[in-house]
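Coordinate analysis (summary)
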Amino acid sequence: MSTIPPPEDLARPFHADVKQVVDIRSDLDVNHIAISSISLDEPLVTRRELLSYYLYSNGGNGVGLGYTQTLFQGLATAAGYDPVVGPGSSCLATTASGQCVVPWGSGINFAIMTVILTTIGSAADYGTFGRWLLFAITVVCWAAQYACMTLTTPNRWVLAMILSIISFVSYSITLVFYAALFPRLARNTPRVRQLREKYETGEISPEVYDQEESLEKNRITDIFTVHSNVGFVTTLLLNLALLLPMANNLKESRPGPELPKGEHYLTIGWKQIWAALKTYKHLPYTFVYLSSYFLLADGLNTTGTLVGICQNDKFSFSFLQNTYLGLSQAITSTISTLAFWYIQKYWKISTKKMFVVTNVVTILIPLWGMIGIWTEKLGFHNVWEFWAYNVMFGLFQAPYYAYSLTMMAELSPPGFENMFFGLFGLFNRASSMVGPNVIQVIIDKTGNNWQGFPFLFAMCMVASVVIWFGVDVTKGRSDAVRWAAEQRRHIH
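Each chain carries its own residue numbering, running from 1 in the direction its sequence is written. Local features in a predicted model are, by the rule used here, given only for residues with pLDDT of at least 70; side-chain atom pairs are given and counted only at 80 or more, and totals for whole chains, interfaces and linings are based on all residues. In computing side-chain values, all of the structure's heavy atoms are included and hydrogens and water are not.

1. Describing the overall build of the protein chain
Counting its regular elements, the protein chain contains 17 helices and zero strands. Relative accessibility decides the category of a residue: with a 1.4 Å probe and only protein chains considered, values under 20% of the type maximum give buried, values over 50% give exposed, and everything between is partly exposed. When the 492 residues of the protein chain are sorted by exposure, 54% land in the buried category. Of the roughly 21,900 Å² of accessible surface on the protein chain, 64% is carried by carbon and sulfur atoms. By the criteria applied, helices consist of DSSP H or I runs no shorter than four residues and strands consist of E runs no shorter than two, each listed in order from the N terminus. Areas reported as accessible are Shrake-Rupley estimates using a 1.4 Å probe. Residue values count occlusion only from the protein chains shown.

Structure representation (C-alpha cells):
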C-alpha cells in the first residue's frame, strides 16, 4: 500500500499528463475496480469526532439565510416603486399594479464565491489550513446574520443586501469545506478499516469493499443531513416561540501534507484547478457530473428562489408563515433522509439510483410552476400549493442534497477532496449566475414571474438526463483512484 510521501517532496503539486494506472493492484486493468490508497498515519475516527462533525451540521442548518432573504426582499420592495405609476409610488399600495422595480444587486455573491473557492479551495487540502479556514468563515457567517437585527427601515436595504451577500457566501463556503471532510472520515471509520484489512488479505473482493465503503459515505452524509434538519426544526421552533406572541405586533486534527515548497496559499488553488481541468480526459465521468450538476444546481436553486418570491408575495413577507412552512419542510426532511437511508441500506441500492429518484421531483417542481402560466387555479397560486411544495421539497430534496454530496465523494480523487469539493461547491452555488439573470430578463419582458419556470424545467431535465445516462460511478471512481495514485507517483 502506498502512502502519502514526505511533505518536502511535494514541490510539484500536479501533473496534467497522467497515465491510466492502478495504485493497489498492478495486475488490474481499467475495467476492474481500483481501491484508493490511504495513509495509515491518519487517525482512526472516533465516536466523539463523528458526533462533533454531526453537531456542526445542527448549527449549519441554513435557517438564517431564509429570514435574511425574506428581510432583504421585503425592504427592497418597500424601497421600490410601481413602474406603472412611476418613481415615488409604492409597491405596497392597495392600488399597486403588482409589478415592482426594486434596487437590486444581482450575481455579486456568486462572483465573490468564485474568487474565494478558486483561490483558497485547493489550499485547504494542505496542512491544517482548511480547519482554521472553516472556523473563520463560520464566525463571519454567524456575525453577518446577527447583524441583520439592525435592519429596521426600508432605507437600510443596501445594508440588507450586503449582509445577505455575506451570509450567503460565507454559509455556502462553510458547506463546501465541511462536506469535503466526510470522505476522509468515511475511509477511516473502524468498520471501513476492518473491511480494508479483509480486502488486503483477500478475504473480500474489491467489489464488496467498494460497495461497503460507498454505503459508509452514504451513512455519514445521511446522518449529518438529519442533524442539519434537527437543527433546522429546533431553530424554527425557537423562532416560533418569539414570533407567536408578536403575531399582532411583529474535532480530531486531520492535516493534509505540508504546502509544497515555493507555493503560496493564495496561488496554489488557481494552479491546481487549472491543472485539474487539463486532466478532464482522465476523469471523464467526474467532469461530466460536475458539468451536468452545474445546470442541475442552477435550475434547482433558481427554482427555489422563484418559488420563494411567489411564496413571499402570497404571504406578504410574513416571518410567521415562512416559519410554519419551514417547519413542515424540516420535519419531512428529517423523516425522508432516514427513510431513504434505511431503504438504501436494506436493499444495497447504489448512490446513483437513489439520486435518480430525487432528480425526478427536481424536474417536477418547475413543471408544476409552468401550469401557473395558463391558469391561476394551479401552479403556485394557492396557499395549499406552497404547503405541498415545502413538504415535497423536504421529502425528496433533502435526500437529493445528501446523495449529490456522496456522488461527488465517489468521483473525487482521494487526497484531493477540498479541491474537487471546491469545484463542486462553486458549481452548486455560483452556478446560479446563469439562471437568475435569464429569469430576470424573462420576467422583465413578460411582467409574469411564472414565465421563468419553462426555462428552469428545461435546465433540470437536460442535466438529469445527462447524469442518468452519462455518468458511470463505478468507472468514475476507479479513474479517480488511478489519477490520485499517479499524482503521488510523480512526486517520488
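2. What to know about the packing of helix 12 (residues 351–371) against helix 16 (residues 453–470)
To get an axis, a line is fitted to the C-alpha atoms, and for a helix only the part in contact is used. The angle between two axes follows their N-to-C directions and goes from 0 to 180 degrees. Viewed as axis vectors pointing N to C, helix 12 and helix 16 meet at an angle of 165°, and their least axial separation amounts to 8 Å. Considered as vectors, helix 12 and helix 16 are oriented roughly antiparallel to each other. Between helix 12 and helix 16 the crossing geometry is left-handed. Residues Lys352, Phe355, Val356, Asn359, Val360, Thr362, Ile363, Pro366, Leu367, Gly369 and Met370 of helix 12 pack against Phe453, Pro454, Leu456, Phe457, Cys460, Met461, Ser464, Ile467, Trp468 and Phe469 of helix 16. Charged means Asp, Glu, Lys or Arg here, nonpolar means Ala, Val, Leu, Ile, Met, Phe, Trp, Tyr, Cys or Pro, and polar covers whatever is left, Gly included. The class makeup of the residues in the contact of helix 12 with helix 16 is 16 nonpolar, four polar and one charged. Just so you know how the angles are binned, under 35 degrees is roughly parallel, over 145 roughly antiparallel, 65 to 115 roughly perpendicular, and the rest oblique. The sense of a crossing depends on the near helix, which, turned anticlockwise from the far helix by less than a right angle, makes the crossing left-handed and, turned clockwise, makes it right-handed. Contacts: residue pairs with any heavy atoms within 4.5 Å of one another.

3. As for the packing of aromatic side chains
The geometry of an aromatic ring pair is captured by the separation of the ring centres together with the interplanar angle, meaning the angle of the planes. Pairs were defined over the aromatic rings of Phe, Tyr and Trp, the Trp ring being its six-membered one, requiring ring centres within 6.5 Å. Orientation was assigned from the angle between planes: stacked under 30 degrees, edge-to-face over 60, tilted for the rest. For the structure on display, the rule yields 29 aromatic pairs. With centroids separated by 6.2 Å and ring planes inclined at 50°, the aromatic side chains of Phe340 and Tyr403 adopt a geometry described as tilted. Taken together, the residues span a long stretch of sequence, with Phe340 in helix 11 (residues 319–347) and Tyr403 in helix 13 (residues 383–411) at a distance of 63 residues. Comparing Phe340 with Tyr403 shows no difference in burial state: the two are buried.

4. Let's talk about the pattern of salt bridges
In the sections that follow, a salt bridge refers to a side-chain nitrogen of Lys or Arg positioned within 4 Å of a carboxyl oxygen of Asp or Glu. This model, assessed by the stated rule, comprises 12 salt bridges. It is possible to trace a salt-bridge network through shared partners that takes in Arg191, Glu212, Glu216, Arg219 and Lys348.

5. Let's talk about the side chain of Ser292
Turning to its location among the elements, Ser292 is positioned in helix 10 (residues 284–314). Among the residues examined, Ser292 registers a relative accessible area of 5% and is labelled buried. Within the structure, the side chain of Ser292 is placed 2.9 Å from the backbone oxygen of Val288, a separation counted as a polar contact. The residues contacting Ser292, other than those within four sequence positions of it, are Ala463, Val466 and Ile467. Polar contacts, as used here, are pairs of N or O atoms within 3.5 Å; protein pairs need one atom able to donate a hydrogen and one able to accept it. Residues neighboring in sequence count only if both atoms are side-chain atoms.

6. Describing unusual backbone geometry
One non-glycine residue with positive phi stands out, namely Lys348, at about 55°. Within the fold, Lys348 resides in the loop between helix 11 and helix 12. A residue is classified by how much of its surface remains accessible, and Lys348, at 39% relative accessible area, is partly exposed. The phi dihedral of Phe380 is positive, around 65°, even though this residue is not glycine.

7. Overview of the nonpolar core
Within this scheme, the nonpolar core is defined by two criteria: the residues are buried Ala, Val, Leu, Ile, Met, Phe, Trp, Tyr or Cys, and they are joined through side-chain atoms within 4.5 Å. In this structure, Tyr53, Ile220, Tyr289, Phe355, Phe420 and Phe421 are the most contacted members of the largest nonpolar core, which totals 88 residues. Beyond its immediate chain neighbours, meaning those up to four positions away, Phe421 contacts Val176, Ala179, Ala180, Phe182, Pro183, Leu405, Met408, Ala409 and Ser412. Core analysis: the second largest hydrophobic core is formed by six residues, Tyr67, Leu236, Leu327 and Ala330 among them.

8. Overview of a nonpolar patch on the surface
Only residues whose relative accessible area exceeds 30% and that form no salt bridge are eligible for patches; like-charged ones are grouped when within 9 Å, while nonpolar side chains (Val, Leu, Ile, Met, Phe, Trp, Tyr) are grouped when within 5 Å. A grouping of Trp132, Phe135, Val139, Trp142, Tyr146 and Met149 is seen on the molecular surface, where their side chains present a nonpolar patch of about 770 Å² in accessible area. Turning to its location among the elements, Met149 is positioned in the loop between helix 4 (129–146) and helix 5 (157–179).

9. So, the environment of Pro399
As for its position among the elements, Pro399 is in helix 13. Taking the relative accessible area as the measure of exposure, Pro399 reaches 0% and is therefore buried. Each C-alpha atom of the pair Pro399 and Ser336 lies 7.1 Å from the other, and the pair is 63 residues apart in sequence. Sequence-distant contacts of Pro399, defined by excluding residues within four places in its chain, comprise Ser336, Thr337, Phe340, Thr358 and Gly394.

10. Considerations on the side chain of Thr337
Relative to the elements of secondary structure, Thr337 occurs in helix 11. Among the polar contacts listed, one links the side chain of Thr337 to the backbone oxygen of Ser333, at a separation of 2.7 Å. Ignoring anything within four residues of it in the chain, the contact list for Thr337 reads Asp222, Thr225, Val226, Asn229, Ala398 and Pro399.

11. Looking at the environment of Thr138
You can see Thr138 is positioned in helix 4. A sequence separation of 37 residues divides Thr138 from Leu175, and the C-alpha atoms of the two residues are 9.7 Å apart. Leave out the neighbours within four places in its chain, and Thr138 touches Tyr56 and Thr174. Side-chain polar atoms of Thr138 contact the backbone oxygen of Leu134, separated by 2.6 Å.

These results come straight from atomic positions and should not be treated as a statement about function.
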